[in-house]
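# Notes for the structure review
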Amino acid sequence: MEKEDLPLFVGWINDPKVFGEYNPLHQTSRTETEKQYEKGNPEEQEFIIEKKDGSKIGYICHFTLMHPAGKHLEIGYFLVPSERGKGYGTEALGIMVDYLFLSKEVMRIQAQTDVRNAVSQKVIEKVGFKREGTLRKDFFMRGQWIDAYIYSILREEWKEPKILTKTS
Ligand SMILES: CC(C)(COP(=O)(O)OP(=O)(O)OC[C@H]1O[C@@H](n2cnc3c(N)ncnc32)[C@H](O)[C@@H]1OP(=O)(O)O)[C@@H](O)C(=O)NCCC(=O)NCCS
């Protein structure tokens, strides 16, 4: 994600229709988002999902969790509503998994979904993640405590890139 993408990104995350019904309502200003962007964090990266024609249709990121001794990364993503259901989410997640295993010393990549988010679960499973369990009352969203499924894919399950090509 480049600085020029920030106005688009801020519009997306402030719009519950884009952020999705299974993500918490979120409000942030352009100034705050620019501040976070400038600060950066080498352990976290944010990407805009683009189609081949250059149109920008969504967002995917990875971030670190937990103890530094654990080589864990977690992924989050969303697409604009008009581009859902066309395979782009599965492709973007597959590229991200390839990219992380190819370029980082990561042992395990994880993802969490609201237990009601059947589409995201399908996408995660298609990319090869395994469901490990249920995080009970994991987060408070829109007036209720939500259970979440936790998924992971391990380096030995991934084995080799499915979409990206290894160049060195
Ligand atoms: C989650 C999201 C990124 C998925 O991307 P997408 O491009 O829409 O997903 P895809 O088209 O690649 O795949 C969707 C799959 O779910 C399936 N699906 C659709 N509706 C479904 C339902 N109600 N129950 C189960 N599966 C469903 C589709 O059939 C498809 O599987 P298939 O290719 O085997 O047929 C997108 O829907 C989104 O942005 N949702 C809102 C934000 C969000 O929930 N983010 C994830 C938070 S964990």
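Look up a bit, the structure's there.
Parameters and conventions
- Once a new chain begins, its residue numbering starts again from 1 and follows that chain's sequence as written.
- Per-residue local features of the predicted model are confined to residues with pLDDT of at least 70, and side-chain atom pairs are confined, for both listing and counting, to 80 or more; whole-chain, interface and lining totals are unaffected and use all residues.
- Only heavy atoms go into the side-chain values, all of them from the structure, while hydrogens and water stay out.
- Numbering of helices and strands runs from the N terminus, with a helix taken as a DSSP run of H or I at least four residues long and a strand as a DSSP run of E at least two residues long.
- Restricting the calculation to C-alpha atoms gives the radius of gyration, and the globule rule supplies 2.2 Å times the number of residues raised to the power 0.38.
- The near set for a molecule or strand comprises every residue that places at least one heavy atom within 4 Å of it.
- The term polar contact refers here to a pair of N or O atoms within 3.5 Å; inside protein, the definition further demands a hydrogen-donor-capable atom paired with an acceptor-capable atom, and it admits residues adjacent in sequence only when both atoms are side-chain atoms.
- Residue polarity is assigned by list, with Asp, Glu, Lys and Arg as charged and Ala, Val, Leu, Ile, Met, Phe, Trp, Tyr, Cys and Pro as nonpolar; anything else, Gly included, falls into the polar class.
- Salt bridges, as used here, are contacts in which a Lys or Arg side-chain nitrogen is within 4 Å of a carboxyl oxygen on Asp or Glu.
- Burial classes: relative accessible area under 20% of the type maximum marks a residue as buried, over 50% as exposed, and values in between as partly exposed (1.4 Å probe, protein chains only).
- Nonpolar cores are built from buried Ala, Val, Leu, Ile, Met, Phe, Trp, Tyr and Cys residues. Side-chain atoms within 4.5 Å join them into one set.
- Note on contacts: a residue pair qualifies if any of its non-hydrogen atoms lie within 4.5 Å across the two residues.
- At least two DSSP bridges between two strands are required for those strands to pair.
- To get an axis, a line is fitted to the C-alpha atoms, and for a helix only the part in contact is used. The angle between two axes follows their N-to-C directions and goes from 0 to 180 degrees.

## Overview of the overall build of the protein
Helix and strand counts for the protein come out as six helices and six strands. When the helices and strands of the protein are read in sequence order from the N terminus, they spell out α-α-α-β-β-β-α-β-α-β-β-α. Expected size for 168 residues packed as a compact globule is a radius of gyration near 15 Å; at 16 Å, the protein falls within 12% of this value. Its C-alpha atoms put the protein at 40 × 40 × 35 Å along the principal axes.

## Structural notes on the site of the ligand
L79, G85, G87, T90 and K126 are the nearest of the 21 residues found near the ligand. Taking Y77, its main chain carries an N or O atom lying 2.9 Å from a nitrogen atom of the ligand. In this structure, N117 approaches the ligand through a side-chain N or O atom, which is 2.9 Å from an oxygen atom. Listing elements by their share of the shell around the ligand, those giving two or more residues are β3 (72-79), α4 (88-103), β4 (108-114) and α5 (118-126). Looking at the shell around the ligand element by element, the count peaks at six residues for α5. Residue composition of the shell around the ligand, grouped by class: eight nonpolar, nine polar and four charged.

## Notes on the pattern of salt bridges
Once the charged atoms of two side chains with opposite charge are near each other, the side chains can pair. Inspection of the entire model under this criterion finds 12 salt bridges. Residue E34 pairs with R30 through a salt bridge whose shortest N-O separation is 3.3 Å. Of the two residues, E34 and R30 both sit in helix α3 (residues 30-39), four residues apart, roughly one turn of that helix. A relative accessible area of 46% means that R30 is categorised as partly exposed. Across the salt bridge formed by K86 and E83, the nearest N and O atoms sit 3.0 Å from each other.

## Quick word on the nonpolar core
Judged by nonpolar contacts, the single largest core of 35 residues is most densely connected at I75, F78, L93, V97, I109 and F129. When near neighbours in sequence (up to four residues on either side) are disregarded, F129 contacts L93, V97, I109, Q110, A111, I124, Y151, S152 and I153.

## Observations regarding the sheet that holds strand β2 (residues 56-64)
Pairing is mixed across the open sheet formed by six strands, whose spatial order is β1-β2-β3-β4-β6-β5. Of all strands in the sheet, those with a lone pairing partner are β1 (45-50) and β5 (130-141), marking the two edges. Within this sheet the neighbouring strands show an average axis-to-axis angle of 30 degrees, counted without direction. Relative to β3, β2 is paired through seven bridges, and the arrangement is antiparallel. Residue pairing in the sheet places T64 in a bridge with L73 of β3. In the packing of helix α1 (residues 6-13) onto the sheet, the strands contacted are β1, β2 and β3, and the crossing angle to β2 comes to about 85 degrees. Relative to β3, α4 is tilted by about 155 degrees, and along the sheet it contacts β1, β2, β3, β4 and β6 (144-154).

These results come straight from atomic positions and should not be treated as a statement about function.
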